[in-house]
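Close look at the chain arrangement
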Amino acid sequence: MSAADSASVTRARHVAPSAAGSAWVAATHLTWLHLRSRQVPAALAALAGCAVVLWAALTYHWWHGAGQAATELPMIIEGCAAAIIAVTAHNPFGEPERATGRWLPFLRLGTALALCGAAVGLLALGAAAAYDPQSRVYLGTGILGVAENVMGFAGVGLIVSLVTGGLLAWTGPLGYLAISQFALVANYSEPLTWAARPATDRGGWITAMVVFAIGLAAFAIRGPRVRPSGE
Amino acid sequence: MTAAVVEGTRPGWRRPSPLFARIVRMEIRHSTFVWGLPLLAVLFLFDPFRTASAYPDLWPLRATVVLNKFWPDCVPFAAGFSAWAGSREGRRHVFDLLGTTARPAWTRQLCSFAGTLAWGNAAFGAGAAVVYVKTATSATWGGPPIWPVVAGAVALTAVSALAFTLGALFPGRFTAPIVAVGIMVVVLEAFREAVSMSGGPVGVLSPDGAVPPMDSGIFYHVLPDVSIVQVIFFAGAALGAIGLLGLTPRAGGVGWRGALAATSAGGARLRTLATAVFAGGVALAVGGFGLAGTAQGTVLAGTQIPLLHGSGSGSSAERPIPYTPVCGGSASFPVCLHPAYRSYLGPAVKSFDLVMSELAGLPGTPVRATEVAGQALPAIVLEGSADGIVAGTPPVYEFSMDDALALVPDPAQFQDGFEQDIAHAVIVGPLGRLVPVPGSGDTFEPDTGNPAQQAVLNGLLRAIGSQPYPGNQSAPIAGAAARFAALPTATRHAWLVANLAALKAGHLTLSQIP
């Protein structure tokens, strides 16, 4: 360390904030580091991309059919958003991170919740930007359907992350998405295929929220599986 | 003599497998695709297998499940895991470390791609095999169509190659799900094009399409043209993606500079090969797309690509498939079906026996029932939602199982259709007529008969346990039908013998029905 560096450190100590302020700065810094380690900024950009695709799909009539059939493509986009959220579960530091303190479960919980909120908000924004009822351009399921599917699919992804690790957690939402697509086309109405049921269906909502709650709780407490490869 | 030669002559010595094969074997063993297999198995059981099991046991029909149901299942997994494998080196930032390996990056990547592809195509092949084995246990005619499996495997290879290349070009943790969903959206849109029957090249090239008529491939050969064009296009797309992988420096390729100069320095051979693969792939894909644009629908043989036959005529390909019908029923009223429908002969005979026991001996009653191709029946049958038509002298009931059987067969509907057709033909007459409408083709006008005819028709159908004929179900008609149905069979038959001519001519009123 050079003399200049030493002087710089000393100056920094002199301007250090008070204890309360220091705690806030540390908490903010910790949160930011946690978000960056999960590549949350990139995830937000990808979610914004999903919203743009939803807007384009609505505006340019990328699908045909009416009623439930019209929800096929929005459901795929919602599944993509959930897969992106599930992938942010990955912890790049591996096992040692678990020994870093008691805040980790809260950080995981907060990140997953915030990303779900952001996904719902961004997709709602995309749908709102395209909204034109006179040209029959609107999201058939409304924002309720978006919220139900994003949270339910994300719940599946978080549960899968406990088994496969965060980086492969996208397989869960994708597999469930494929099942829901078939359920939608074939008019299956099993409770577990909630995404194929109308957005106002109470049973569908209950199932989706139970899956989301279980996934979120298990993920927050245990964290994703850390595989020997680091992935 | 070198040591190697001495070793090579030793008894029991095995020549070591090529490096490529050994690396591919390692890639297969360590592929992450294994994580997707349980999900894929659940998906397979949930829809493709369930759908195929519910379809009538006809080879051409059940084989469509392989492409229409199982192939789209495999696509997101093949795409996702291929993109995942492709992004491996970039994701782990090991380009520098691997830069000194003896083999070029392209070789390494192709091994990784082959490992993932092997799992994807093995899963697809296993699903197709299960559907085919299940069909083989119940089908009574024909054999497993190979083209759907070939076209599906090549299309899946193209999806994997494209996803792998995208993964290599844009490595990251989000690449795999985004690529998988992106390709899923493209497949969905292509499917929409295919079922909308727009006739555009995208619809023709989509492996996932509409379910063909049930008679497809039963009475006439179905041309493999669409499958051939799909194979050409997707093989081209796969080669193009692989060539791109070898050329783009972003993914560790040899670079585009001097791509067209075979003698350029620095990886010249590799660059030449990658360029040739890329150019060949693009040429094939463009050729396949162009061929798909020339597709023409034929009445009997499916979609035809005239250029593949060297002629512009569509009818030359419509070759009937010889068969010996299977017949059942009584000598006075034989029922003959195509052998593919042998398992439906018993229910068909039972249905005909019921209605013939009421109508035997009456003028206009058919003397036999014969199945024909759906396309061979007059348009009036399709327009009138009937199963067949009574025509000829002596009268013969010609019907199509395509119309009689639903995709998920319903025994009651199957039985009622024949009974309604024959009873209507004997008591009322023709199904209806096609009336030309200026500017919009022909419109079907059904002939449901006058109230007396409707009452007798529905009474007869009710007596044999069939649903009423579609049409007027007013209370007076229903009451008269109930009265007629309640008569003893002999009384009913005797009344019909005595009054059928007057009834058919429209001379009887509802009050004259006993």
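Our subject is the structure that appears above.
Before going into details, it helps to say that this report is about the structure given with it. Computed from a prediction, not measured in an experiment: that's the story for all the values here.

What counts and what doesn't
- Residues numbered from 1 in each chain as written.
- Chains lettered and ligands numbered in written order.
- Predicted model: local features only at pLDDT ≥ 70, side-chain atom pairs only at ≥ 80, totals over all residues.
- Heavy atoms only, no water.
- Helix = DSSP H or I, 4+ residues; strand = E, 2+ residues; numbered from the N terminus.
- Buried < 20%, exposed > 50% of the residue type's maximum accessible area, 1.4 Å probe, protein only.
- Contact = heavy atoms within 4.5 Å.
- Areas by Shrake-Rupley, 256 points an atom, 1.4 Å probe, with all protein chains shown as cover.
- Core = buried A, V, L, I, M, F, W, Y, C linked by side-chain atoms within 4.5 Å.
- Disulfide = S-S within 2.5 Å.
- Pairing = 2+ DSSP bridges.
- Axes fitted to C-alpha atoms, helices over the stretch in contact; angles between N-to-C directions.
- Buried area = accessible area lost by both parts, 1.4 Å probe.
- Salt bridge = Lys/Arg side-chain N within 4 Å of Asp/Glu carboxyl O.
- Polar contact = N/O pair within 3.5 Å; in protein donor to acceptor, adjacent residues only side chain to side chain.
- Nonpolar A, V, L, I, M, F, W, Y, C, P; charged D, E, K, R; others polar.
- 1 Å grid on protein atoms, 1.4 Å probe; cavity = no way out; pocket = protein on both sides within 12 Å on 5 of 7 lines; lining within 4 Å.
- Points joined across faces, edges and corners; volume = space filled by probe spheres on them.
- Patch = residues over 30% accessible without salt bridge, like charges linked within 9 Å, V, L, I, M, F, W, Y side chains within 5 Å.
- Phe/Tyr/Trp six-rings, centres within 6.5 Å; stacked < 30°, edge-to-face > 60°.
- Parallel < 35°, antiparallel > 145°, perpendicular 65-115°, else oblique.
- Left-handed = near helix turned anticlockwise from the far one by under 90°.

**Notes on the overall build of chain A**
Within chain A, the regular secondary structure consists of eight helices and zero strands. For chain A, with 231 residues in total, the buried portion stands at 48%. Considering only residue pairs separated by 6 or more positions, chain A has 77% of its internal contacts joining residues 24 or more positions apart. Just so you have it, chain A exposes about 10900 Å², and 67% of that area is on carbon and sulfur atoms.

**Considerations on the nonpolar core**
All names here are of chain B. Membership of the largest hydrophobic core comes to 189 residues, with the highest contact counts inside it found for Y341, F352 and M401. By residue number, the principal contributor to this core is helix α5 (residues 59–86), which donates 17 residues. Once residues within four sequence positions are removed from consideration, F352 is found in contact with F333, V335, A369, Y397, F399, F418 and I422.

**Focus on the state of the cysteines**
Across all of its chains, the model carries one disulfide over all chains by this definition. Between C327 of chain B and C336 of chain B runs a disulfide, and the two sulfur atoms are separated by 2.0 Å. Residues C327 of chain B and C336 of chain B are joined by a disulfide whose S-S torsion is about 105 degrees; by sign, that bridge is right-handed. No disulfide involves C116 of chain A; its sulfur sits 13 Å from that of C50 of chain A, the nearest cysteine. When its relative accessible area of 3% is taken as the criterion, C116 of chain A is described as buried.

**Details of the sheet that holds strand β6 (residues 388–391) of chain B**
Pairing between the strands of a sheet comes from backbone hydrogen bonds, and it takes one of two forms, parallel or antiparallel. All names here are of chain B. Pairing is mixed across the open sheet formed by five strands, whose spatial order is β3-β4-β5-β7-β6. Each end of this open sheet is capped by a strand with a single partner; those strands are β3 (326–329) and β6. The average undirected angle you get between the axes of adjacent strands in this sheet is 20 degrees. As paired strands, β3 and strand β4 (residues 334–337) are joined by four bridges and run antiparallel to one another.

**Concerning the interface of chain B and chain A**
Tallying the contact residues gives 30 residues for chain B and 40 residues for chain A. Here chain B packs against chain A, burying approximately 3200 Å² in sum over the two surfaces, 73% of which is carbon and sulfur. The three residues of chain B that bury the most area against chain A are W35, R173 and F174 of chain B, which together make up 25% of that side's buried surface. Taken together, the links from chain B to chain A amount to one salt bridge. At the junction of chain B with chain A, the criterion picks out four residue pairs in polar contact (both at pLDDT 80 or more). Tallying contributions element by element places helix α10 (residues 175–195) of chain B first for the side of chain B that touches chain A, with ten residues. The class makeup of the residues in the side of chain B that touches chain A is 18 nonpolar, three polar and nine charged.

**What about the layout of surface pockets?**
In this structure, the largest pocket encloses a volume near 1600 Å³. Lining the largest pocket we find 50 residues, and of these P212, S216, V222, G302 and T303 of chain B sit closest to its centre. When residues of the lining of the largest pocket are traced back to their parent elements, those giving at least two are α5, α9 (147–169), α10, α11 (201–205), α12 (225–247) and β1 (296–297) of chain B. Examining the composition of the lining of the largest pocket, we find that six residues originate from one element, α5 of chain B, more than from any other. Looking at side-chain class alone, the lining of the largest pocket contains 27 nonpolar, 21 polar and two charged residues. Its volume calculated, the second largest pocket comes out at about 550 Å³. Lining the second largest pocket are 28 residues, and of these F182 and V185 of chain A together with N68, K69 and F191 of chain B lie nearest its centre. Contributing elements (two or more residues each) for the lining of the second largest pocket: α4 (72–87) and α7 (171–185) of chain A together with α4 (48–54), α5 and α10 of chain B. The element that contributes the greatest number of residues to the lining of the second largest pocket is α10 of chain B, accounting for six residues. Split into classes, the residues belonging to the lining of the second largest pocket amount to 18 nonpolar, four polar and six charged.

**Considerations on a nonpolar patch on the surface**
Residue and element names in this part refer to chain A. A cluster of nonpolar side chains, I159, I206, V210 and I214, forms an exposed patch at the surface whose accessible area comes to about 330 Å². With three residues, the top contributor of residues to the nonpolar patch is helix α8 (residues 202–222). You can see I206 is positioned in helix α8.

**Side note on the pairing of strand β7 (residues 396–399) of chain B**
Residues and elements named next belong to chain B. Taken together, the four bridges between strand β5 (residues 368–371) and β7 define a ladder with parallel strand orientation. Residue pairing in the sheet places A369 in a bridge with Y397 of β7. Of the strand pairs in this sheet, β6 and β7 are connected by four bridges, and their pairing is antiparallel. Looking across to β7, one finds that V390 is bridged to Y397. The turn linking β6 back onto β7 is made up of four residues, and G392 within it adopts a positive phi angle of 90 degrees.

**Regarding unusual backbone geometry**
Cis peptide bonds are those with omega within 30 degrees of zero, and the linkage from T393 of chain B to P394 of chain B qualifies with -5 degrees. In this fold, P394 of chain B is placed in the loop between β6 and β7. If you check the backbone angles, Q39 of chain A has positive phi at about 55 degrees while not being a glycine. Tracing the sequence through the fold places Q39 of chain A in the loop between α2 (19–37) and α3 (40–59). Notably, S385 of chain B is not glycine yet its phi reads approximately 55 degrees, a positive angle. Summarising the element assignment, S385 of chain B is placed in the loop between α15 (379–383) and β6.

**Let's talk about the packing of aromatic side chains**
Residue and element names in this part refer to chain B. Applying the stated criterion across every chain, the model contains 25 aromatic pairs over all chains. Seen in terms of ring centroids, F399 and F418 are 4.9 Å apart; in terms of plane orientation they differ by 70 degrees. Their pairing is edge-to-face. In this pair, F399 sits in strand β7 while F418 sits in helix α17 (residues 411–427), placing the two residues 19 residues apart along the sequence. By relative accessible area, which is 0% here, F399 ends up buried. Owing to a relative accessible area of 0%, F418 belongs among the buried residues under this scheme. Following the ring pairs from residue to residue traces out a cluster consisting of F333, Y344, F352, Y397, F399, F414 and F418.

**Things to note about the packing of α5 of chain B against α10 of chain B**
Residue and element names in this part refer to chain B. Taken N-terminus to C-terminus, the directions of α5 and α10 make an angle of 150 degrees; their axes are 8 Å apart at the nearest point. Compared by their axis directions, α5 and α10 come out roughly antiparallel. Note on packing geometry: the crossing formed by α5 with α10 is right-handed. Contacts between α5 and α10 involve W71, V75, P76, A79, G80, A83 and W84 from the former and A176, V179, A180, I183, M184 and V187 from the latter. Along the lines of polarity and charge, the residues of the contact of α5 with α10 split into twelve nonpolar, one polar and no charged.

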